[in-house]
Amino acid sequence: MQLTRFTDYSLRVLMYLAIHHERRCTVKEIAGFYGVSQNHLVKVVHNLAQLGYIESSKGKGGGIRLLKAPEQMNLKDLVLELEPSLTLVECFDDTTNTCRIAGNCGLKGILQQAMNAMINHLGDYTVADTLPDFPGVSSPGKNESVSTVVPIIISNKMTDQNKKKR
């Protein structure tokens, strides 16, 4: 299961802003911190502002900041709002499906259950739960039972290693 780079960057922006809640941040600053394209991050920030998660102001003293508390931003809701499609495999989309075994294949149901489990699991957490334990950073609602870090795979580019496997 993959999240788009757009969703990944959106979540990272929200996390960064939550950590630096005491001040306005800039897109340039966040892009530099994560080592990502500033141009792409501008689009991400614009979308987050359109959706009402952040406030953006231009000019001297401008920047971006959260409009909602981190503990009020549920990860399931964010992913469902940010992801353009949760079409995990071709047969999930009835309008473009051309799979010849779709009618008799049990894989679709299994994958749908797995994806639903992942999405529902995200519903147990908020942006506050994702914040690192930095000195001076409070994260009310932090779920202490989360101890394993699992990387999120992004879908825009395949690594050379993945290409060799195929």
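As the structure is a prediction and not an experimental result, all values here were calculated from the model.

Student: I tried to follow the overall build of the protein chain on my own but got confused; where do I start?
Tutor: Across its full length, the protein chain carries seven helices and two strands. Along the protein chain, from the amino end to the carboxyl end, the secondary structure elements read α-α-α-β-β-α-α-α-α. Per-residue burial over the protein chain gives 31% buried out of 166 residues. Across the protein chain, the fraction of contacts at a sequence separation of at least 24, relative to all contacts at a separation of at least 6, is 61%. For the protein chain, the computed accessible surface area is about 10800 Å², with 52% contributed by carbon and sulfur atoms.

Student: I tried to follow the pairing of strand β2 (residues 63-66) on my own but got confused; where do I start?
Tutor: Successive side chains on a regular strand alternate, one facing one side of the sheet and the next facing the other. In this structure, strand β1 (residues 54-57) lies alongside β2, joined through four bridges in antiparallel fashion. Looking at the pairing, Ile-54 lines up with Leu-66 of β2. What sits between β1 and β2 in their antiparallel hairpin is a turn of five residues, with Gly-59 showing a positive phi close to 90 degrees.

Student: Hey, could you run me through the pattern of salt bridges in this one?
Tutor: Pairs can form between side chains of opposite charge once their charged atoms are near each other. What the rule picks out here adds up to five salt bridges. One salt bridge connects Glu-55 with Arg-24, and the closest N-O pair in it is separated by 2.8 Å. With a gap of 31 residues between them, Glu-55 in strand β1 and Arg-24 in the loop between α1 (5-19) and α2 (27-34) connect regions that are remote in the sequence. Through salt bridges that share partners, Glu-22, Arg-23 and Glu-29 make up one connected network.

Student: Would you mind going over the environment of Glu-29 with me for this structure?
Tutor: Here Glu-29 is to be found in helix α2. For Glu-29, a relative accessible area of 23% corresponds to the partly exposed category. With residues near it in sequence (within four places) discarded, Glu-29 still touches Tyr-16 and Arg-23. Within the structure, the side chain of Glu-29 is placed 2.6 Å from the side chain of Arg-23, a separation counted as a polar contact.

Student: I keep staring at the nonpolar core and nothing clicks. Help me out?
Tutor: In globular proteins that are soluble, nonpolar side chains generally tend to be buried together. Val-13, Leu-14, Leu-41, Ile-54, Ile-64 and Leu-78 are the most contacted members of the largest nonpolar core, which totals 35 residues. In terms of residue count, α1 provides more of this core than any other element does, eight residues in total. For Ile-64, the residues in contact, after removing those within four places along its chain, are Val-13, Leu-17, Arg-23, Arg-24, Cys-25, Val-27, Ile-30, Val-45, Ile-54, Glu-55 and Ser-56.

Student: Could you clarify how one ought to interpret helix α3 (residues 38-50) in this entry?
Tutor: Each α-helix turn comprises 3.6 residues. Residues three or four places apart therefore point the same way. Helix length check: α3, at 13 residues, gives a terminal C-alpha distance of 18 Å against a target of 18 Å (1.5 Å per residue), a fit within 8%. What α3 keeps buried is the set Leu-41, Val-44, Val-45 and Leu-48. Seen along its axis, α3 keeps its buried residues to an arc of 100 degrees; they face one direction. Across α3 from its buried face, at more than 90 degrees, point the exposed residues Asn-39, Lys-43, His-46 and Gln-50. For α3, the secondary structure elements touched by its buried residues are α1, α2, β1, β2 and α4 (75-82). Sitting at the amino-terminal end of α3 is Ser-37, which places a side-chain oxygen 3.3 Å from the backbone nitrogen of Asn-39. In the stretch just after α3, Gly-52 is the one whose phi turns positive, near 90 degrees.

Student: Explain the environment of Thr-4 here, please?
Tutor: By secondary structure assignment, the location of Thr-4 is in the segment before α1. Given a relative accessible area of 15%, Thr-4 falls into the buried group. Put simply, Thr-4 and Val-79 are 75 residues apart on the chain and 9.8 Å apart in space, counted from C-alpha to C-alpha.

Student: Where do I start with the packing of α2 against α3 in this structure?
Tutor: Packing of α2 against α3 leaves a shortest axis separation of 9 Å and a crossing angle of 120 degrees. By the angle class used here, α2 and α3 are oblique. Where α2 crosses over α3, the handedness of that crossing is right-handed. Contacts between α2 and α3 pair Val-27, Lys-28, Ile-30 and Ala-31 from the former with Gln-38, Leu-41, Val-42 and Val-45 from the latter. Tallied by class, the residues present in the contact of α2 with α3 amount to six nonpolar, one polar and one charged.

How each quantity is defined
Going along each chain's sequence as written, the residues are numbered from 1 onward. It should be noted that, the model being predicted, local features are given only for residues of pLDDT at least 70 and side-chain atom pairs only at 80 or more, the latter also being counted only at that level, while totals for whole chains, interfaces and linings use all residues. Note that water and hydrogens are dropped before the side-chain values are worked out from all heavy atoms of the structure. Comment: elements are numbered from the N terminus, with helices defined as DSSP H or I runs of at least four residues and strands as E runs of at least two. Whether a residue is buried, partly exposed or exposed follows from its accessible area with a 1.4 Å probe, protein chains only, as a fraction of its type maximum: under 20%, in between, or over 50%, in that order. In what follows, a contact means two residues having at least one pair of non-hydrogen atoms within 4.5 Å. Surface accessibility follows the Shrake-Rupley procedure with a 1.4 Å probe radius. Residue values consider only the protein chains on display as shielding. Following DSSP output, two strands are said to pair if at least two bridges run between them. What counts as a salt bridge is simple: a side-chain nitrogen of Lys or Arg found within 4 Å of a carboxyl oxygen of Asp or Glu. The definition of a polar contact used here is a pair of N or O atoms within 3.5 Å, where within protein one atom must be able to donate a hydrogen and the other to accept one, and adjacent residues in sequence count solely through side-chain atom pairs. Among buried residues, the Ala, Val, Leu, Ile, Met, Phe, Trp, Tyr and Cys ones that are joined through side-chain atoms within 4.5 Å form a nonpolar core. One less than the number of residues in a helix, times 1.5 Å, gives the span that helix is expected to have. The arc under discussion is defined with respect to the helix axis, by the directions toward the C-beta atoms. All axes are obtained by fitting lines to C-alpha atoms, using only the stretch in contact for helices, and the reported angles, taken between N-to-C directions, cover 0 to 180 degrees. Angular relationships are summarised with four words: roughly parallel below 35 degrees, roughly antiparallel beyond 145, roughly perpendicular across 65 to 115, and oblique for the angles in between. The handedness criterion is simple: a crossing whose near helix is rotated anticlockwise from the far helix by less than a right angle is left-handed, and one whose near helix is rotated clockwise is right-handed. Gly is put with the polar residues, along with every residue not named as nonpolar or charged; the nonpolar set is Ala, Val, Leu, Ile, Met, Phe, Trp, Tyr, Cys and Pro, and the charged set is Asp, Glu, Lys and Arg.

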